[in-house]
Amino acid sequence: MERFMMFDDRPIDSFLVMQLSDLARTLAQNRHWTVEFAAHSGVHLTRPIVYVSRFWDVYPAHEKEAAIKSDVVLRLIGTRRHTDVSAVQAFRQAADAQPLPKLAKQLFSFAEDLRLEMVCERERPGTKRWFRVRRRLYRRYFAQQWQANQTRSALADQFLAAMYLRLTADSPLDDVPLAPMAEEAVQTRLQTLWTQWFDASSTTEVAQWALALTELMKQSLHSDLVHDYTSLPFVSDAGQDEQTLTIDDIKRTDPLENDDALAEANGEVKRQTLPTWHRETSRTGGSFLRFELERGSRTGMMGDGARPGDDGDQALAIVQGTSQPTNRNDYGLEAHASFNDHPRTGSGAPYGEANRRAELVLVPFSPPSPVHLEQYRAKQAAVAPYRKRLVRVMEQWLEHQRSAWRTNLPAGRLRKQLVPFFTDERPRLFYKKGEPARRFDAVFGLLVDCSASMHDKMEETKTGLVLCHEALKTLRVPHAIVGFWEDANEATAAWQPNYMQTAVSFRRSLEPSSGPAIMQLEPHEDNRDGLAIRWMTEQLLGRPERQKVLLVFSDGEPAAYGYEQNGIIDTHEAVADARRRGIEVVNLFLGRGADDESTRRTVENIYGRFRVFVPHVSELADRLLPLLKAWLQKSL
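Residues numbered from 1 in each chain as written. Predicted model: local features only at pLDDT ≥ 70, side-chain atom pairs only at ≥ 80, totals over all residues. Heavy atoms only, no water.

Counting its regular elements, the protein chain contains 17 helices and 14 strands. Expressed as a percentage of its 636 residues, the buried residues of the protein chain come to 44%. Within the protein chain, contacts between residues at least 6 apart in sequence are counted, and of these 74% link residues at least 24 apart. For the protein chain, the computed accessible surface area is about 34300 Å², with 51% contributed by carbon and sulfur atoms. (Helix = DSSP H or I, 4+ residues; strand = E, 2+ residues; numbered from the N terminus. Buried < 20%, exposed > 50% of the residue type's maximum accessible area, 1.4 Å probe, protein only. Contact = heavy atoms within 4.5 Å. Areas by Shrake-Rupley, 256 points an atom, 1.4 Å probe, with all protein chains shown as cover.)

Here it is as structure tokens:
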């Protein structure tokens, strides 16, 4: 998918993410674990999420892969099983009371991770090579940091770098000065204290060691760490390092710096209007821009009551409620009613954990307009040669199947050539005529990506859809054509509406009047492919046909609200689940991105070898014909 604006231009290797997810689920022995990227690695306290660090992104691919895998192993085998949560919480409180809390926490985090690395290597000897790469990269990084922080006089950062280098040194000769900024007595005490880490066998002992070091160095270090190199290994939703804000904290209650008031003004009051406009509002103006004053005089103007609410206030106010359809998606009363008729998926995850907050909104069928009818007739004429070619080939193949005789059978009609009766030990002297032509026992589901990036490909895609529809209708093969998208303007963290617009339904696909509704498909916003594939899988499984095929027309990887990191994995899992249930899933990748190696690899990771790249959408009809022919022959 082409993006016109990318705030984080670091691409995510989808194949690596899937490897990490499989590794996490294997180590945790739970298929619900997921992997996400974050500033620092960690494991969630209540949810099955392990975070891997973005720190490794700058390194070569082979080193990055080993280091990221070490993050997963360290958190799921080490932190999850061998770190005492209560000891970490107690240490957090003790560190906050120290004059150098950041130094204490990061000393503890690195020391605890090094202790857990040895535990992981004992339990899983095959992970040693990953941890060797991890320590080598960290040592190279902290050697550079030691030099840089010495130049910048960042003494706490220099001390942390020296401590990591000392704890991971392979030789007694490979050392750096621990605290050249400290007095001689402190350095002597430090030489004895830092070696006590090698005797620590629990989280509590490591915490005591880190607090003792911080207490010793507080006189020599006059300021805390400048940078954050790591964080405590446990992650929670509340963010325990930050104080929770209340409604009173957010409301502005600061008094004015002066305490005077103006008398009532006589005459007309002049007001300054600050009009605004936004594409989600149907009118300009309003009171969106409001200012808080710290200096000035109190006045009685507009003091008769509370200011009435306005639509634009949502950006600055604290609200709690439920989103509703806007007039930008006016699909009629049936679509509006579907918001209340369909149960929210928040109580469960029938379409995957990544789509827990997504809701399906079925866009009702509407009769095509005269313009759509005219457009459809033009595309019918354009695809007529392709349709006739496919129908002629399939009819000839059916006729051959009907007229072909099967010989050398143990039962049936007696052949005229009886020589094998005298020459063979077990002669086969019978034959059977071909069976009469049968109906194609197949059903097709066609999903169309209606995201915004399809705006320059939708017309040619409609041509391919018309070809599929006309050919399958002529051969009497039931099928459905559905466009899907997510409304980015309405999507929130608690609710993401996903629209399914049925252009051709299974029930009406063979009717002569079906088809023009394909012209109603238009590009909209985002695409949540995993949800759409799971929904279409349900529809196909309810069909009686033996051969079930799901075609996905798209131009790139999925992108939706909160779907950036796990969208590729969720789509891959949806495809794998459909194939396990006997549905053939094939992706038709449209557009210039088919020539990009990274994009091709992403699509291959999702769909495997069952994908067809169409760099030029005008070639879509030529690519579809052999696919349809193969599936239809297989259905007999």
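A separate point is the packing of aromatic side chains. The relation between two aromatic rings is expressed through the spacing of the ring centres and the mutual angle of the planes. By the definition in use, this model includes 19 aromatic pairs. For the pair Phe-55 and Tyr-59, a centre-to-centre distance of 5.9 Å together with 55° between the ring planes defines the contact as tilted. According to the relative accessible area criterion, Tyr-59 is buried, its value standing at 14%. When the centroid spacing of 4.9 Å and the interplanar angle of 75° are considered together, the rings of Trp-197 and Phe-198 count as edge-to-face. Across the ring face of Tyr-563, the terminal group of Arg-528 is positioned such that the distance to the ring centre comes to 4.6 Å. (Phe/Tyr/Trp six-rings, centres within 6.5 Å; stacked < 30°, edge-to-face > 60°. Lys NZ or Arg CZ within 6 Å of the ring centre and 35° of its normal.)

Let's shift gears to the packing of helix H4 (residues 101–123) against helix H6 (residues 155–167). Packing of H4 against H6 leaves a shortest axis separation of 11 Å and a crossing angle of 15°. One element, H4, and the other, H6, form an angle in the roughly parallel class. The two elements H4 and H6 cross, and the hand of that crossing is right-handed. Counting all contacts with H4, which are made through Leu-103, Gln-106, Leu-107, Phe-110 and Leu-114, the residues of H6 involved are Ala-156, Phe-159, Leu-160, Met-163, Tyr-164 and Leu-167. Within the contact of H4 with H6, the residues separate by chemical class into 10 nonpolar, 1 polar and no charged. (Axes fitted to C-alpha atoms, helices over the stretch in contact; angles between N-to-C directions. Parallel < 35°, antiparallel > 145°, perpendicular 65-115°, else oblique. Left-handed = near helix turned anticlockwise from the far one by under 90°. Nonpolar A, V, L, I, M, F, W, Y, C, P; charged D, E, K, R; others polar.)

Considering all chains together, one arrives at 31 salt bridges under this definition. Note that Arg-54 and Asp-57 form a salt bridge whose closest N and O atoms lie 2.8 Å from each other. No difference in accessibility class separates Arg-54 from Asp-57, as the two residues are buried. The shortest N-O distance in the salt bridge between Asp-71 and Arg-134 comes to 2.5 Å. Taken together, the residues Asp-71 in helix H2 (residues 61–82) and Arg-134 in helix H5 (residues 128–152) connect sequence positions 63 residues apart. Arg-134 shares its class with Asp-71; the two are buried. When salt bridges with common partners are traced through the structure, they connect Asp-71, Glu-117, Glu-121, Arg-134 and Arg-135 into a single cluster. (Salt bridge = Lys/Arg side-chain N within 4 Å of Asp/Glu carboxyl O.)

This paragraph deals with the nonpolar core. Among the nonpolar cores identified, the biggest contains 76 residues, and Phe-142, Phe-159 and Met-163 are the most heavily contacted of them. In this view, Phe-159 contacts Leu-103, Leu-107, Leu-178, Ala-179, Leu-190, Met-217 and Leu-221; residues no more than four positions away in its chain are not counted. With 48 residues, the next largest nonpolar core counts Leu-390, Phe-440, Leu-465 and Ile-518 among its residues. (Core = buried A, V, L, I, M, F, W, Y, C linked by side-chain atoms within 4.5 Å.)

Of note, the phi angle at Ser-153 is positive, near 60°, even though the residue is not glycine. Not every positive phi belongs to a glycine, and Arg-476 is a case in point at roughly 60°. Its location among the elements puts Arg-476 in the loop between helix H13 (458–474) and strand S10 (479–486).

Our next topic: a nonpolar patch on the surface. On the surface, Leu-414, Leu-418, Phe-421 and Phe-422 cluster together into a nonpolar patch covering about 460 Å² of accessible area. With respect to the helices and strands, Phe-422 occurs in helix H12 (residues 420–423). Of the residues examined, Phe-422 reaches a relative accessible area of 70% and is grouped as exposed. (Patch = residues over 30% accessible without salt bridge, like charges linked within 9 Å, V, L, I, M, F, W, Y side chains within 5 Å.)

Here we take up the side chain of Arg-134. You can call Arg-134 buried: its relative accessible area is 2%. Within polar-contact distance, the side chain of Arg-134 engages the side chain of Asp-71 at 2.5 Å. Residues within four places of Arg-134 in sequence aside, it is in contact with Trp-56, Ala-67, Ser-70, Asp-71, Leu-74, Asp-113 and Glu-117. (Polar contact = N/O pair within 3.5 Å; in protein donor to acceptor, adjacent residues only side chain to side chain.)

Let us now look at the environment of Met-181. Within the element layout of this structure, Met-181 appears in the loop between H6 and helix H7 (184–193). Between the C-alpha atom of Met-181 and that of Met-217, which follows or precedes it by 36 residues, the distance is 9.9 Å.

In spatial order, the strands read S5-S11-S10-S9-S12-S13-S14; together these 7 strands make up an open sheet with mixed pairing. A strand with exactly one partner marks an edge of an open sheet, and here the two such strands are strand S5 (358–363) and strand S14 (611–614). Averaged over all pairs of adjacent strands, the angle between their axes in this sheet comes to 20°, without regard to strand direction. Bridging between S10 and strand S11 (residues 496–504) involves 6 bridges; their strand directions are antiparallel. If you follow Val-482 over to S11, its bridge partner there is Thr-502. Each of strand S9 (442–449), S10, S11, strand S12 (547–554) and strand S13 (583–590) touches H13; the most contacted strand, S9, lies at about 170° to it. (Pairing = 2+ DSSP bridges.)

Moving on to the side chain of Ser-514. Tracing the chain through its elements places Ser-514 in the loop between S11 and helix H14 (529–541). Since its relative accessible area comes to 6%, Ser-514 is described here as buried. Looking at Ser-514, its side chain comes within polar contact range of the main-chain oxygen of Arg-508, at 3.2 Å. When residues no more than four places from it in sequence are discounted, the contact partners of Ser-514 are Tyr-376, His-469, Lys-473, Arg-508 and Ser-509.

Before going further, it helps to spend a moment on the environment of Val-235. Relative to the helices and strands, Val-235 is located in strand S4 (residues 234–235). Val-235 gets classed as partly exposed once you look at its relative accessible area, which sits at 27%. Excluding its chain neighbours within four sequence positions, the residues that come into contact with Val-235 are Gly-42, Val-43, His-44, Leu-45 and Tyr-51.

Attention shifts here to the pairing of S12. Within S12, 8 of the 8 residues are buried, which leaves it mostly tucked inside the rest of the structure. Burial along S12 is two-sided: the residues Gln-547, Val-549, Leu-551 and Phe-553 and Lys-548, Leu-550, Val-552 and Ser-554 are all buried. In this structure, S9 lies alongside S12, joined through 7 bridges in parallel fashion. Residue pairing in the sheet places Gly-445 in a bridge with Leu-550 of S12. The pairing of S12 with S13 spans 7 bridges and is classified as parallel. Each bridged residue has a counterpart across the sheet, and for Val-549 the counterpart in S13 is Glu-584.

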